2 protein chains.
Amino acid sequence: MALLSPPAVYAEANLMPLPSSVRFGTGSLPVTQKFSVGFDGFREKRLDDAVTRMVRRLERKTGLVIGNGRAAALQSPQAADSTLVIHCTRASKPVQSVTEDESYRLTVTPDRATLTAPNPLGVLHGLETVLQLVDIDAGGFAIPAVTIDDHPRFAWRGTLIDVSRHFMPLETMRRNLDGMAVVKMNVLHWHLSDDQGFRVESRVLPKLQQDGSDGRSYTQEQIREILAYARERGIRVVPEFDVPGHTSSWLVAYPKLATDPSDLKIGRNFGVFDPCMDPSNEFVYAFLDQFIGEMARLFPDEYFHIGGDEVNGKQWSASKRIQAFEKAHKMPSGKEGNVAIHRYFNERLLAILKKHGKKMEGWDEILNPDLPKDIAIQSWRGQKSLAEAARQGFTGILSSGYYLDHMDKAAAHYAVDPLAKECADLTAEQKKVVLGGESCMWGEYVSPENIDGRIWPRNAAIAERFWSPAAVSDPNGMYQRMERVSRELEYAGVLHRVNYRLMCERLAGNGPVEPVRTLADVAEAGSLGVRARSHKYATDEPLNRLPDTVLPESDVARYFAALVERVKDPGAAAQIRHWLVLWRDNEAKLQPVIAQSALLAGTAPASQTLKDVARIGIEALDAIEAGRRMDAKPAAAIKARLAAAARPVSEVRIGVVPAIQALAQMASQ
Amino acid sequence: MALLSPPAVYAEANLMPLPSSVRFGTGSLPVTQKFSVGFDGFREKRLDDAVTRMVRRLERKTGLVIGNGRAAALQSPQAADSTLVIHCTRASKPVQSVTEDESYRLTVTPDRATLTAPNPLGVLHGLETVLQLVDIDAGGFAIPAVTIDDHPRFAWRGTLIDVSRHFMPLETMRRNLDGMAVVKMNVLHWHLSDDQGFRVESRVLPKLQQDGSDGRSYTQEQIREILAYARERGIRVVPEFDVPGHTSSWLVAYPKLATDPSDLKIGRNFGVFDPCMDPSNEFVYAFLDQFIGEMARLFPDEYFHIGGDEVNGKQWSASKRIQAFEKAHKMPSGKEGNVAIHRYFNERLLAILKKHGKKMEGWDEILNPDLPKDIAIQSWRGQKSLAEAARQGFTGILSSGYYLDHMDKAAAHYAVDPLAKECADLTAEQKKVVLGGESCMWGEYVSPENIDGRIWPRNAAIAERFWSPAAVSDPNGMYQRMERVSRELEYAGVLHRVNYRLMCERLAGNGPVEPVRTLADVAEAGSLGVRARSHKYATDEPLNRLPDTVLPESDVARYFAALVERVKDPGAAAQIRHWLVLWRDNEAKLQPVIAQSALLAGTAPASQTLKDVARIGIEALDAIEAGRRMDAKPAAAIKARLAAAARPVSEVRIGVVPAIQALAQMASQ
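Not measured: the values here are computed from a predicted model. (Residues numbered from 1 in each chain as written. Chains lettered and ligands numbered in written order. Predicted model: local features only at pLDDT ≥ 70, side-chain atom pairs only at ≥ 80, totals over all residues. Heavy atoms only, no water.)

(A) Quick look at the overall build of chain A. Helix and strand content of chain A: 26 helices and 19 strands. In terms of overall dimensions, chain A is globule-like: its C-alpha atoms have a radius of gyration of 27 Å, near the 26 Å expected for 669 residues. Once the C-alpha set of chain A is aligned to its principal axes, its extents read approximately 80 × 75 × 50 Å. Within chain A, counting contacts between residues at least 6 apart in sequence, those at least 24 apart form 76% of the total. Entry remark: accessible area of chain A is about 24,200 Å², with carbon and sulfur atoms responsible for 54%. (Helix = DSSP H or I, 4+ residues; strand = E, 2+ residues; numbered from the N terminus. Rg over C-alpha atoms; globule rule 2.2 N^0.38 Å. Contact = heavy atoms within 4.5 Å. Areas by Shrake-Rupley, 256 points an atom, 1.4 Å probe, with all protein chains shown as cover.)

Next comes the structure, spelled out in structure tokens:
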């Protein structure tokens, strides 16, 4: 028996997120079609359903036909006879709270697995652990003997999904909730309104969805369905209705809310818009009281996110009415006046939220020492904001560093810790109010089709950051486990891999898919900024081209970079050459495909860049293999060409450029 | 404008099944996110839903976000403003009948598409045609200008799905109904009971599902859901309850039905079993009257399939009671007595079916000149049976030649014509009673996971045989179009390609998937016979090994065979060598993967065979390229080795053996 603490645990525990403690035993518990689950202690329909889902996933993973799914769990006459016995002590709260115990203990011996948890939340997490532990070897499927004591490092582990910029159908929400459950995330932050669309049915103020959604909104019934789906999986849902900015879609429906009611329209592009609610107008507060009252009943979570970000203040500065209001209320003028009136707005909003029994949550901008300490600050600015808030006693969560639309590498997100940087200097007491973090899937450049690949599997690395001990930080181990969890996500129904393949095939049109795939496999999606700089995207513009198809991080590029590190090994060198030749020769194969598929228009520069860098790579490899050093002049020219190739092209990055830069560097030394 | 009649139409019409008449025009109708559908004429909820589904599929195919799906169709204020205008004359029958008109006419100009049909069945078929016609070129997505007049050659175009040997969940049934709709099939023959399980809830005789199904049966509510799902797609559902043989699952529940009530049990293996109902027992008829009465109300189709096949008669011959009954009824004795008492049984059954308003359908064995001519014979024996039946005036459909579990090539099924062979000699009048055919997906070796890949895309070739003019028969054109329709099937939700990939990954366990995939891509699933000869499979045995994973027909093998035909072309020869080297070297890569995955146990012989034949291929290619002729003795040895390699190994066929045989043949000439 060996007590493994991170990072030694990496090699053996195929789990993501890694548990707080893993102690391997000897032998393993076979998993066959006789696998069964029994309860011994508290039991509820939610747990029965979770076991049914778990058995179905186990079938998908193993290809075994296990009992009758639900029946396998429920017909087990005695818990003691079951392969997996679940001891749950008591019910969890009727509305899941951020303070609830999510711990569990899992003990697996060659005879039996036992999952113990104080309440169903721990059971749900433990069932995911059991599924991930199932592995195959020459003897068949089995779960290794192990004792796991596990609990999250942070209580708030969320994913924001923006359904305003692009509407996401229910099945997309369900798939992503399933994915979140796989990696033990527990908050869906649902960004439900913005300039580009208001996405919830209001019965008291129905113009919101009628005039502000282009017919794309959820009914209250559908919202309740998703809330129930999330609760089934141990996930809270925090709704965000961003005010007073980001509200074009509201203002179209109710122009009386607007600071400037002229020229109101639903946002058809992206960016920060001027239209804004008028904080000097009592109608606004009466309206928000009605609206929040209704939404507070619909969404049971204790937190209610009011956004509060990116008010550019142009309309406030231009409004005589607001200037007069500021003067009358002894507020400063100019930019400071905008800050002051925004504070005033938030204080009025806070009173409304209190009346309806909610805690306020908002972005950095709402921070104001006069607000009560139980409001929560979500920081898109970084640990500095968070530390400031924490020192004042404000609850906070970190999102800076976890923006999935920035298309960073999983390792980059993984390296961001809510309690690092400025937060590292907080006292232990101050650190307690840093509740965790949230990844953000902003919706400008995502469709129901490509959103899975934008969120997954990278979000698993972020989930691990929020759940596992801080010492769990080796990116190599993370990538290994991320590849495995990527399959688990697929068994759970996430479409990140299926849709990537289908989208590549669509790009190819009537041509062969291989050259498209060869390019796509090394291309990486351009960030929000890259997309915005390419042209002004419209909200209804199809997201079906190369930059929409390719994933944020190329696995091939990562494998290739690892090969380059071993270039002195002749085997590795041969593989490197194989790849480089493939990429060099791909251009000629891809050209005719590009010529006959409109979706590939604009792809030629990316293809040409790949060819160019592949040629450079071959030159460098030739030099390295021949043991000769590149002359300074061509080496400098090559360096410049590679630097140019490292820049975005065709709205993507050629992911193998850094490794080829490394190769060229070696060749010139 | 060119009137294209088959086979000239192949190159231009990407449709499967090919329509009766296709006349291409000039230009094309662009398909953008503004695509809309309007009705002009008869309209019903079924058609609205069909349009919504069609728009969703179009979105999936193109990546465009089109209106609001349903809204796109229904909000169109004037049919005249729509991209696609649907003219439907009248409703179809409340219960879809085999005699209904399924024709439609589709006219596409650069301005508009018009779909005209006498009733909704034609509209449903026409919408599938529209979807298939959508194509991409350098200008974007578009539908070519075309006039299509289309109607089916045969009125009965079915697929049998056996859910007794392995139970298929509702979503599996739904997926396959979606697939059938894509290729205009119109009958689901639902094989609902057999020795291994009784799959429908009976409320009057509930022991049938309680004792006969191992807990795996459909509720009546679920049956109705599937019936509605099928009707929505223009598909009839003919239930089959196979009697008097193939009834172990019934007899377990109601032993009084049995000829020999000793040792009754649900079938746990496969084959023809002895247990059989007792035709001499009045209880049997009272029971069937009750049962058929209930099922006749549940299933609205005019036909009711009573099976009637494979009664081996052992128990009848051994039963003194039955011998006495035969004597008393002046029936012959011995084998002829069995035929006679089976006839007697069928006549009694026919009276019961008539009482409950149903036409009888059964397998060849029920054929009896004394039966009324409106019964339908489903022939598993071939066109000879069918022709005999037709000469006697019996309605018939062909299934011989369309058994999907035989794992034949699509081209082999495609070459079978219900009106060929003995049926070719029928008079025009006699031919009219040959209504069409059904493919059969018997369930011994299929799971909910691999059934999609067993049925699709081969079933599309069979669907074309039933729909398109007899002259449409070129296998090359068929394969080209089958590859395209395979994507359409995927857009419609069929999982033949997704599950193949997932199963290959599962086989690989923790090893690399590439060598598994290299073998799997050239391996072809062994037939029912191959599987049965390997060992006695149990009904609950996992179907997650190589023979379960690989598809019935290898695309790679087909491409390779085409290359071999062009071996004199140096480019083709280089590609041939590339493949052969890959296969030869795969063995070394696969061995360690086999060693660590229990699912690959037994795969080594297949891998070894692939290596061996690849080596032979390389030898042959060397000789061909060098322009030398292999000596007779080694050529003979090679011939023998290849003949051995052509036999099933590891329950699969190595699909590239025939092409390597051709190569070796060329090298020795």
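What follows continues from the structure just given.
(B) Molecular detail of the packing of helix 17 (residues 475–491) of chain A against helix 18 (residues 496–508) of chain B. Two elements in contact, helix 17 of chain A and helix 18 of chain B, have axes separated by 12 Å at closest approach and are oriented at 140°. Taken together, the axes of helix 17 of chain A and helix 18 of chain B are oblique relative to one another. The handedness of the crossing between helix 17 of chain A and helix 18 of chain B comes out as left-handed. In contact with R487, E490 and Y491 of chain A of helix 17 of chain A, helix 18 of chain B contributes R501, L502, E505 and R506 of chain B. Taken together, the residues that form the contact of helix 17 of chain A with helix 18 of chain B break down as 2 nonpolar, no polar and 5 charged. (Axes fitted to C-alpha atoms, helices over the stretch in contact; angles between N-to-C directions. Parallel < 35°, antiparallel > 145°, perpendicular 65-115°, else oblique. Left-handed = near helix turned anticlockwise from the far one by under 90°. Nonpolar A, V, L, I, M, F, W, Y, C, P; charged D, E, K, R; others polar.)

(C) Broad picture of the packing of aromatic side chains. All names here are of chain A. Using the criterion set out here, one finds 47 aromatic pairs over all chains in the structure. Ring geometry for Y445 versus Y537: centroids 5.0 Å apart, planes at 80°, classification edge-to-face. One end of the pair, Y445, is in the loop between strand 17 (434–441) and helix 15 (451–455); the other, Y537, is in the loop between helix 20 (528–534) and helix 21 (546–549), and 92 residues separate them in sequence. These aromatic residues form a ring-pair network of at least three members: F198, F241, W250, Y254, F283, F287, F291, F299 and F304. (Phe/Tyr/Trp six-rings, centres within 6.5 Å; stacked < 30°, edge-to-face > 60°.)

(D) The interface of chain B and chain A, seen in detail. Contacts between the two partners involve 45 residues from chain B and, on the opposite side, 45 residues from chain A. Looking at the side of chain B facing chain A, the largest losses of area belong to R60, I136 and R506 of chain B, adding up to 16% of the total buried there. A salt bridge links R497 of chain B to E505 of chain A, with the nearest nitrogen and oxygen atoms 2.7 Å apart. Summed over the shared surface of chain B and chain A, the result is 26 residue pairs in polar contact (both at pLDDT 80 or more). Taken together, the elements giving at least two residues each to the side of chain B that touches chain A come down to helix 1 (45–62), strand 7 (135–137), strand 8 (140–150), helix 17 (475–491) and helix 18 of chain B. In the side of chain B that touches chain A, the residues fall into 14 nonpolar, 14 polar and 17 charged. (Buried area = accessible area lost by both parts, 1.4 Å probe. Salt bridge = Lys/Arg side-chain N within 4 Å of Asp/Glu carboxyl O. Polar contact = N/O pair within 3.5 Å; in protein donor to acceptor, adjacent residues only side chain to side chain.)

(E) Main features of the nonpolar core. W190, W250 and L288 of chain B are the most contacted members of the largest nonpolar core, which has 197 residues in total. The greatest single-element share of this core, amounting to 10 residues, is contributed by helix 24 (residues 604–626) of chain A. Excluding residues within four positions of it along the chain, W250 of chain B makes contact with S193, F198, L208, F241, D242, V243, L257, M277, F287, L288 and F291 of chain B. Ranked by size, the runner-up nonpolar core spans 196 residues in total, among them M16, F24, F198 and W467 of chain A. (Core = buried A, V, L, I, M, F, W, Y, C linked by side-chain atoms within 4.5 Å. Buried < 20%, exposed > 50% of the residue type's maximum accessible area, 1.4 Å probe, protein only.)

(F) Representation of the packing of helix 19 (residues 514–522) of chain B against helix 23 (residues 570–595) of chain B in the model. Residues and elements named next belong to chain B. Viewed as axis vectors pointing N to C, helix 19 and helix 23 meet at an angle of 125°, and their least axial separation amounts to 8 Å. One finds that helix 19 runs oblique with respect to helix 23. Note that helix 19 runs across helix 23; the crossing there is left-handed. Here helix 19 contributes P515, V516, T518, L519 and V522 to the contact with helix 23, which in turn contributes L582, W583, N586, K589, L590 and V593. Classifying every residue of the contact of helix 19 with helix 23 gives 8 nonpolar, 2 polar and 1 charged.

(G) Structural context of the relation of the copies chain B and chain A. Screw-axis analysis of chain B against chain A gives a translation of 0.0 Å along the axis, an RMSD of 0.0 Å, and a rotation angle of 180°. Viewed as a symmetry operation, the transformation between the two copies matches a two-fold axis. Of every C-alpha in chain B, the one belonging to V498 of chain B sits nearest the axis of rotation, 3.5 Å from it. Mapped onto chain A, 100% of the interface residues of chain B again fall at the interface, so both copies present the same surface. (Least-squares fit on C-alpha atoms with pLDDT ≥ 70 in both.)

(H) Just the pairing of strand 17 of chain A, in detail. Residues and elements named next belong to chain A. Of all 8 residues that make up strand 17, 8 are buried, and the element is covered over most of its length. Note that strand 9 (residues 156–162) and strand 17 share 6 bridges and pair parallel. Along strand 17, the bridge assignment pairs T159 with S439. Here strand 16 (residues 395–398) pairs with strand 17 via 3 bridges, running parallel. (Pairing = 2+ DSSP bridges.)

(I) Broad picture of empty space enclosed by the protein. All names here are of chain B. Overall, the coordinates contain 7 cavities of 30 Å³ or more when judged by the stated rule. Roughly 60 Å³ of volume is contained in the largest cavity. Lining the largest cavity are 13 residues; nearest its centre among them are N450, G453, H496, T549 and L551. Broken down by secondary-structure element, the contributors of at least two residues to the lining of the largest cavity are helix 15 (451–455), helix 18 and helix 21 (546–549). It is helix 18 that provides the largest number of residues to the lining of the largest cavity, a total of 4 residues. A class-by-class count of the residues in the lining of the largest cavity yields 4 nonpolar, 5 polar and 4 charged. (1 Å grid on protein atoms, 1.4 Å probe; cavity = no way out; pocket = protein on both sides within 12 Å on 5 of 7 lines; lining within 4 Å. Points joined across faces, edges and corners; volume = space filled by probe spheres on them.)

(J) Main features of the confidence of the model for chain A. Residue and element names in this part refer to chain A. When pLDDT is averaged across chain A, the result is 94; 97% of the residues are at 70 or more. Taken together, the stretch residues 1–11 has pLDDT below 50 and engages in 23 contacts with residues farther than four places along the chain or on a different chain. Ignoring residues within four places in sequence, the model shows residues 69–73, a span with pLDDT below 50, making 14 contacts including any to other chains. (pLDDT = per-residue confidence, 0-100.)

(K) Main features of the side chain of R545 of chain B. All names here are of chain B. In this fold, R545 is placed in the loop between helix 20 (528–534) and helix 21. Looking at R545, its side chain comes within polar contact range of the side chain of Y537, at 2.6 Å. Within the structure, R545 has its side chain in polar contact with the side chain of E651 (distance 3.1 Å).

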